[in-house]
Amino acid sequence: MTVVDACSLATSTPPCCPDPLACESGPVLLDPENTLFVRGATPVLLLADAPVHDALPLLTAPDGAMPLCEGWNIVPRLTLCVVDGPGDHGPVIPALGAPVVGGADEGPASSGMGDWCADAEQAGGAVVLSLDSLPEALDWSALLSSGTARGGFVPALA
């Protein structure tokens, strides 16, 4: 088997299933460039163009209180971050290479992700927001009132 053959297996549709998206199961590997980890007392994970966007609840936070994402859990780790949803929904993010903002910018990138994971552990989870694209600037009021953002607070898996 050649590399081309192996790559085509990953994208081909099994004969029993005419729609590749309908056959997709299990977690989806999300490109770390489509994420932004934001440090804070309640850390935030922004997802852009995520295949799980429609599976997350539409974000409604009229009073600023972040709703709980029922049926979702997050497993924040230095190398991988897993957002596990109901059924087979949930992205896996190679976290070590993902951008982290909001903390001291000293030290290697891994220290930023390590600090984000510690923030998530301390908070008991993280806010996960799925957007069409990552914002150029973090304007929380615009993000929370966009009408297109999905997500909420996702508790850490105990």
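Residues numbered from 1 in each chain as written. Predicted model: local features only at pLDDT ≥ 70, side-chain atom pairs only at ≥ 80, totals over all residues. Heavy atoms only, no water.

**What about the side chain of H53?**
Topologically, H53 is positioned in the loop between β3 (44–48) and β4 (73–76). Assessed through its relative accessible area of 14%, H53 is described here as buried. (Helix = DSSP H or I, 4+ residues; strand = E, 2+ residues; numbered from the N terminus. Buried < 20%, exposed > 50% of the residue type's maximum accessible area, 1.4 Å probe, protein only.)

**A word on the sheet that holds strand β9 (residues 150–155)**
Ordered by their spatial adjacency, five strands build an open sheet running β7-β2-β3-β8-β9, and the pairing between neighbours is mixed. Because the sheet does not close on itself, it has two edges, and the strands there are β7 (100–101) and β9. Inspection of the sheet shows β3 paired to strand β8 (residues 125–131) by five bridges, in the parallel sense. Bridged to L47 within β8 is S130. (Pairing = 2+ DSSP bridges.)

**Focus: unusual backbone geometry**
In most cases, non-glycine residues show a negative phi, while peptide bonds are predominantly trans. Positive phi outside glycine occurs at D49, with the angle close to 50°. Inspection of the secondary structure assignment puts D49 in the loop between β3 and β4.

**Description of the confidence of the model for the chain**
Detail in the predicted coordinates should be disregarded across regions flagged by low pLDDT. Per-residue confidence for the chain gives a mean pLDDT of 80; residues scoring 70 or more make up 77%. Every residue in residues 1–25 scores below 50 in pLDDT, and together they form nine contacts with partners more than four places removed in sequence or on other chains. (pLDDT = per-residue confidence, 0-100. Contact = heavy atoms within 4.5 Å.)

**Remarks on the sheet that holds strand β5 (residues 80–84)**
Taking strand neighbours across the sheet as the criterion, the four strands line up as β1-β6-β5-β4 in an open arrangement whose pairing is mixed. The strands lining the two open edges of the sheet, one partner per strand, are β1 (28–29) and β4. One ladder, built from three bridges, connects β5 with strand β6 (residues 91–94); its direction is antiparallel. Each bridged residue has a counterpart across the sheet, and for V82 the counterpart in β6 is V92.

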